[in-house]
Amino acid sequence: MQAKMKEYKIFTKDGELLDIDEYLFKENDFKYLVDKEVFSRSHSKGTAPKALKYIEKFGIEWEEMSDRGHMRYQPKAAVMFDLISEYVWDKIASLDIPVYKIKGTNMFKLSEPPVREHAELFGDRLYELKNEEEKYILRYAACHQQFAAVRHWNISHKHLPFGTYENADSYRLEQSGELLLCFRTRRMNMPDLHIFTRDLDEAKKITLKIHKKIFEEFESNLGRNLVNLYNLTKSFFNENEDYIEQLSKIEKNPILLHFVPENKYYWVINVEYNIIDSIKNPREIATFQIDTGNAKRFGIKYTTEDGKKAYPPIIHTAPIGTIERYLYTLFDTAALHEEKGEPPSLPLWVSPTQVRIIPTSKRYNRFALEIAKSLQEKSIRVDVDDRDESVGKKIANAEKDWVNYILVVGKEEQASDTISVRDRVSKKIKKIPLKEFIDHLEKELKNKPRIKSYWPLELSKVPKFR
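Reading the values: the criteria
Residues numbered from 1 in each chain as written. Predicted model: local features only at pLDDT ≥ 70, side-chain atom pairs only at ≥ 80, totals over all residues. Heavy atoms only, no water. Pairing = 2+ DSSP bridges. Helix = DSSP H or I, 4+ residues; strand = E, 2+ residues; numbered from the N terminus. Contact = heavy atoms within 4.5 Å. Axes fitted to C-alpha atoms, helices over the stretch in contact; angles between N-to-C directions. Salt bridge = Lys/Arg side-chain N within 4 Å of Asp/Glu carboxyl O. Buried < 20%, exposed > 50% of the residue type's maximum accessible area, 1.4 Å probe, protein only. Polar contact = N/O pair within 3.5 Å; in protein donor to acceptor, adjacent residues only side chain to side chain.

Draft legend 1. How the structure looks around the sheet that holds strand β12 (residues 227-233). Pairing within the open sheet is mixed, and its ten strands lie in the order β2-β1-β13-β12-β14-β15-β18-β11-β10-β5. A strand with exactly one partner marks an edge of an open sheet, and here the two such strands are β2 (17-18) and β5 (99-101). With two bridges joining them, strand β1 (residues 8-11) and β2 adopt antiparallel strand pairing. Paired with F11 across the two strands is L17, which belongs to β2. Relative to β12, helix α2 (residues 29-37) is tilted by about 45°, and along the sheet it contacts β1, β12, β13 (255-260), β14 (267-276) and β15 (282-291).

Draft legend 2. Looking closely at the side chain of T353. Examined against the element boundaries, T353 turns out to sit in the loop between α11 (323-339) and β19 (355-359). In this structure, T353 is in contact with R381, D383, W402, V403, N404 and W455, ignoring residues within four places of it in sequence.

Draft legend 3. A look at the pattern of salt bridges. According to the stated counting rule, one finds 34 salt bridges in the structure shown. Across the pair K130 and E133 runs a salt bridge whose closest N-O atoms are separated by 3.9 Å. Note on accessibility: K130 and E133 belong to one class, exposed. Taking the shortest distance from any N to any O, the salt bridge between R424 and E399 comes out at 2.8 Å. Of this pair, R424 sits in the loop between β22 (418-423) and β23 (429-433) while E399 sits in helix α13 (residues 391-400), placing them 25 residues apart in sequence. Overall, R424 belongs to the buried group, its relative accessible area being 6%. Salt bridges sharing common partners tie together E61, E63, E64 and R72.

Draft legend 4. Quick peek at the sheet that holds strand β7 (residues 128-131). Within the open sheet, the three strands sit side by side as β6-β8-β7. Their pairing is antiparallel. Because the sheet does not close on itself, it has two edges, and the strands there are β6 (107-109) and β7. Each adjacent strand pair in this sheet contributes to an overall mean axis angle of 35°, direction not counted. For β6 and strand β8 (residues 134-138), the ladder comprises three bridges, and the chain directions are antiparallel. Among the inter-strand pairings, M107 is bridged to a residue of β8, identified as L138.

Draft legend 5. Summary view of the pairing of β13. Where burial is concerned, most of β13 is hidden: six out of the six residues are buried. Residues I255, L257 and F259 point to one face of β13 and L256, H258 and V260 to the other, with burial holding for every one of them. Taken together, the four bridges between β1 and β13 define a ladder with antiparallel strand orientation. Opposite I10, over in β13, you have L256 as the bridge partner. In this structure, β12 lies alongside β13, joined through five bridges in parallel fashion. By the bridge assignment for β13, L229 is matched with L256.

Draft legend 6. A look at the side chain of N253. Within the secondary structure, N253 sits in the loop between α9 (241-250) and β13. Residue N253 is classed as buried on the basis of its relative accessible area, which comes to 14%. Polar side-chain contacts of N253 include one of 2.9 Å to the side chain of N225. In this structure the side chain of N253 is engaged in a polar contact, spanning 2.9 Å, whose partner is the backbone oxygen of L226.

Here it is in structure tokens:
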């Protein structure tokens, strides 16, 4: 145990470097990270994450007709998946760096030296295939395709920094006993960004911006506490302690430093951002790395101001993690809200059904559909519960479906041109004009992606898929 502890240090917000046994841990999120990484202790004791029941409720499941660890998405989950894909692209665009989207294959020859060397660094979690005496691997991140494309680009110092991006299907042969819906899977979708920089100083400046964006997303937007592991070499730490201090000023907790052997990896620093979930398990979500090896390995060069050729340091980052892990975070956040006695819910922008309209009787179905269509014109995901059931049961079903806003409409609403709106989170009911409600939705959804529903407007036409 002592030998393992020597690989780890704690870097406090005051800039102190401490041994593990010099730091007094209270029962807090940082302790759970240390217990897992340093002492291999688990606080969950085999308990299933509370998020799982919600994940399955929204139609995210294992595909039993595939290899273990591969998932499928029912229509509600498919909407969420596509929304998150658009959302992360908007986040990447906000970095104010030119970013080029790339698409390509997920299969690469192991006979290609850079592919083989990169795969050897990754370890034994590779999917390998063989065809006509040639061995292939399925990519485990978007690195291969992006680097294979960029090595043919004619790059000047004037073009740097720039990024390449793909929401890449990636494959990792995880142990079957460790598989967990939305968190540890064998096929994942990784919004993978690589930023090519002039030198290490530029890479450090850009990663500080990425660092702030990640904290903004998880702590400010989702209200999650991040506890983070920095894997790095001792030489990088000694030469860049001021940079680590700059990163630490954005952190809300101490940093767990893990020192790795020199020249073992293609990166000099690898930051892993963790939430602590509802069963006290650290869950790695986002990441960034500063890569000083792959440009040379893949033959990616740029022309410097004095006309020489140089290899650009490359930043690897998945600013929200995989799509699956972001979904896990959303549902785990809902579980934490429920623990506090609040109704579990999803942010409006990513909720499959944002508004449900409930007519008080069949005679108001047409009126309900007219309101629904006016909402659809604004790309609001809305449906109408036109089934032959009581109003009370329809409201209960909308609550079970986590619908953000429930509109009950009937004779009074039709006559007064107002609607009765029930807010899932506050549980308040208001009678307001339709235009006022639409204005409220527009404000709440400002700068968020919008996608129309992947199912019919009337619930009577929708099979029970989940």
